[in-house]
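# Descriptive structure summary
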Amino acid sequence: MEVLIQPDETAADELVARLMMDTVRRHPRAVLGLATGRTMEPVYKAMVEAHAQGEVDFAACSTFNLDEYIGLTPDHPASYRTFMNQNLFDHVNIPIERTRLPNGVADDIDRECVAYEAAIVAAGGIDLQLLGIGHDGHIGFNEPLSSLGSRTRSKALTPDTIARNAFAFANEAEVPHRAITMGVGTILDSRWCLMLVKGASKAAILAKAVEGPVTSMVTASALQLHPRCTIVVDEAAATELDGCDYYRWIWENEPEWAPYRSG
Ligand code: F6R
């Protein structure tokens, strides 16, 4: 696991967008794992702008999103399909039929989850999985006590997650109480996990995830078990990390990051 501390939110967003797009430039047929949430909006905006400038071609990519609310049709304004269409898919050239999210209105949710796992395998697995972190430490919607070996399944959301996500709905009562989410095990199968964490409100949970024990109470801590996990953070999110000096040394000295240091 590497933690790359960036001076501010914009620098963190731009670094993540560049890492995503460089992956696509190197591997045009990349399978991207995508996330929703406010953290990702500027990342997708940067990708859309780069695409408009002709700097990146997504034509051969395919994508799998982490999660979708159960009970929302894809065209519901608060569905994650709508979020992805509005923030990314409508503005770049990824063929829409190769953009996948779980179907939250499937007749048989369990079968949908099995099919989603099978589709990821059939696509050759996920090359790069983009992740945010919830205030309770969730990745995807793997709420506390999710098995660290879990696969795609239906998961009950915590009252805190429901309240935090209510902004996208007319009122809190409309927020679905369950979602289909890739499991922690599904996420750990990705070849590269790239997490973006910004803002002081995420500092405490980031420190637990990165430097605390691996525990199902903070499912992001399972990323410590992943052989290739990069966590991009801004200064505000880094304030509660003990190892900042070392993390800064890595960013400033490791050859892998040299092309990105110059901005
Ligand atoms: C969304 C997802 C979630 C979010 C997390 C942070 O697809 O998987 O884990 O990444 O809830 O959300 P924001 O970015 O809104 O703070």
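Everything discussed here concerns the structure shown above.
The paragraphs below set out a description of the structure included in this document. (Residues numbered from 1 in each chain as written. Predicted model: local features only at pLDDT ≥ 70, side-chain atom pairs only at ≥ 80, totals over all residues. Heavy atoms only, no water.)

### Overview of the overall build of the chain
Secondary structure assignment for the chain yields 10 helices and 10 strands. A compact globule built from 263 residues would reach a C-alpha radius of gyration of about 18 Å, and the chain, at 17 Å, matches this within 12%. When the backbone C-alpha atoms are referred to their principal axes, the chain occupies close to 50 × 40 × 35 Å. Residues classed as buried in the chain amount to 57% of the 263 residues present. For the chain, restricting intrachain contacts to residue pairs at least 6 apart in sequence, the fraction spanning at least 24 positions comes to 78%. Here the chain displays about 11300 Å² of accessible surface, and carbon together with sulfur accounts for 52% of that area. One way to put it: in the chain the 22 positive side-chain charges average out to a point 4 Å from where the 36 negative ones average out. (Helix = DSSP H or I, 4+ residues; strand = E, 2+ residues; numbered from the N terminus. Rg over C-alpha atoms; globule rule 2.2 N^0.38 Å. Buried < 20%, exposed > 50% of the residue type's maximum accessible area, 1.4 Å probe, protein only. Contact = heavy atoms within 4.5 Å. Areas by Shrake-Rupley, 256 points an atom, 1.4 Å probe, with all protein chains shown as cover. Lys, Arg positive; Asp, Glu negative; His and termini not counted. Charge placed at Lys NZ, Arg CZ, Asp CG, Glu CD.)

### Description of the site of the ligand
The local shell around the ligand holds 13 residues, among which Thr36, Thr39, Asp67, His138 and Gly140 are the closest. Between an oxygen atom of the ligand and a main-chain N or O atom of Arg38, the distance comes to 2.9 Å. Within the side chain of Asp67, a nitrogen or oxygen atom sits 2.7 Å from an oxygen atom of the ligand. Relative to its unbound accessible area of 410 Å², the ligand is 90% covered by the protein chains. (Near = heavy atom within 4 Å. Polar contact = N/O pair within 3.5 Å; in protein donor to acceptor, adjacent residues only side chain to side chain.)

### A look at the side chain of Thr99
Checked against the element boundaries, Thr99 lands in strand β5 (residues 99-100). Engagement of the side chain of Thr99 in a polar contact is seen with the backbone oxygen of Ile96, the distance being 2.6 Å. The residues touching Thr99, leaving out its near neighbours within four places in the chain, are Thr63, Arg81, Phe89 and Ile94.

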